[in-house]
Amino acid sequence: MRPEHPIVLITGASSGFGEAMARLLAAQGCHLALGARRLDRLEALATELTQAHGVKVFAGQVDTRDTASVNAFVAAAAGSLGGLHVLIANAGLASGTFKMWETPDEDLEAMMRTNVEGVVKTIRAGLPHLRKAGWGHIFFIGSTAGHQPYEGGSVYCASKFGVKAMAHSLRLEVNGEQIRVTSVDPGMAETEFSNVRLKSDDKAKAVYQGVQPLKAYDVAECVRWCLMLPDHVNIDEMLVKCTDQASVHKLHRRA
Ligand SMILES: NC(=O)c1ccc[n+]([C@@H]2O[C@H](COP(=O)([O-])OP(=O)(O)OC[C@H]3O[C@@H](n4cnc5c(N)ncnc54)[C@H](OP(=O)(O)O)[C@@H]3O)[C@@H](O)[C@H]2O)c1
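Residues numbered from 1 in each chain as written. Predicted model: local features only at pLDDT ≥ 70, side-chain atom pairs only at ≥ 80, totals over all residues.

With respect to spatial proximity, 30 residues lie near the ligand, and among them Gly12, Gly16, Arg37, Arg38 and Gly92 are the closest. Secondary-structure elements contributing two or more residues to the shell around the ligand are α1 (16-27), α4 (105-133) and α6 (193-198). Sorting elements by how many residues they give to the shell around the ligand places α1 first, with three residues. Residues of the shell around the ligand, tallied by class, amount to twelve nonpolar, 13 polar and five charged. (Near = placed C-beta within 6 Å. Helix = DSSP H or I, 4+ residues; strand = E, 2+ residues; numbered from the N terminus. Nonpolar A, V, L, I, M, F, W, Y, C, P; charged D, E, K, R; others polar.)

Below you can see the structure in the form of structure tokens.
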């Protein structure tokens, strides 16, 4: 049975897509568990959303690369909110634009441990709560990088092809349960993603020069729409790009 006010856990809620999802889903009456490493941002967002929408919001620090940290965060969130219905494994990053043979261990490990291992750890900890509730929805946040590889993105693309594979496998594994599994796979979107990847605000600004990229709210809206569909409807995969981006390699830039 679909709950009237689903309890939604979002990793990577301190900026970008995760923050936008928190804002949009709070406005829909969802209770929220918000996780990321920057707790100060989460606490400010939690206060704001509780006051604006009267929903319950749990804010907890979590490093999704670390099993003990994820398990503690998920247990505290479920304990505080009285369970969990929706998991959004959104925390992730690209680190650098290295050719494969140039990739430093630090960047390699950051991407694989966050984008692949962190997603497994989040869902592994959260799934028992969805099963207990008897109703659930799990969101992966993939990427166009998980559909089409590009130069300088071998490890990031590998991690997002991994996300795509995990979403497919999990959908097979939970078949027969009332648990939907969706991967929302965005193209270029203006968040803190490029600032983190390029370690420079100026370089990040140049990425979006002359283009109208997706906004974080566009991606949050995709999640909201998939979630609000009737229980017998499962969107497996949603590939969403801005109109200026025809493919990973074809981008229309205005002068
Ligand atoms: N923007 C794009 O163009 C784009 C396109 C396709 C897919 N994506 C994917 O969308 C997801 C969200 O990215 P975004 O664009 O919203 O970027 P963003 O603004 O940089 O947000 C990334 C979020 O992930 C969190 N995070 C990173 N490492 C973490 C860790 N080890 N533990 C916990 N939280 C962690 C960050 O919080 P803290 O730093 O506070 O921990 C932040 O809240 C990522 O999976 C990304 O790969 C982005």
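With that settled, the discussion passes to the environment of Glu106. Mapped onto the elements of the fold, Glu106 is located in helix α4. A C-alpha to C-alpha distance of 36 Å links Glu106 and Leu81, two positions 25 residues apart in sequence.

Quick look at the pairing of strand β6 (residues 179-186) now. Across the eight residues that make up β6, a large majority, eight, are buried. The alternating pattern of β6 places Ile179, Val181, Ser183 and Asp185 on one face and Arg180, Thr182, Val184 and Pro186 on the opposite face, and all of these are buried. In this view, the connection linking strand β5 (residues 136-141) to its parallel neighbour β6 by way of helix α5 (residues 154-173) has right-handed handedness. Pairing analysis gives four bridges linking β6 to strand β9 (residues 237-240), with the strands arranged parallel. (Buried ≥ 20, exposed ≤ 12 C-beta atoms within 10 Å, placed from the backbone. Right-handed = clockwise from strand over helix to strand, strands pointing away. Pairing = 2+ DSSP bridges.)

This next bit is on helix α3 (residues 67-81). Between its first and last C-alpha, α3 extends 21 Å over 15 residues, near the 21 Å set by a 1.5 Å rise per residue. For α3, the full list of buried residues reads Val70, Phe73, Val74, Ala77, Ala78 and Leu81. Here the buried residues of α3 occupy an arc of 120° about the axis, which is enough to place them on one side. Away from the buried face of α3 by more than 90 degrees, exposed residues Ala68 and Gly79 are located. (Expected span 1.5 Å × (residues − 1). Arc of directions from axis to C-beta.)

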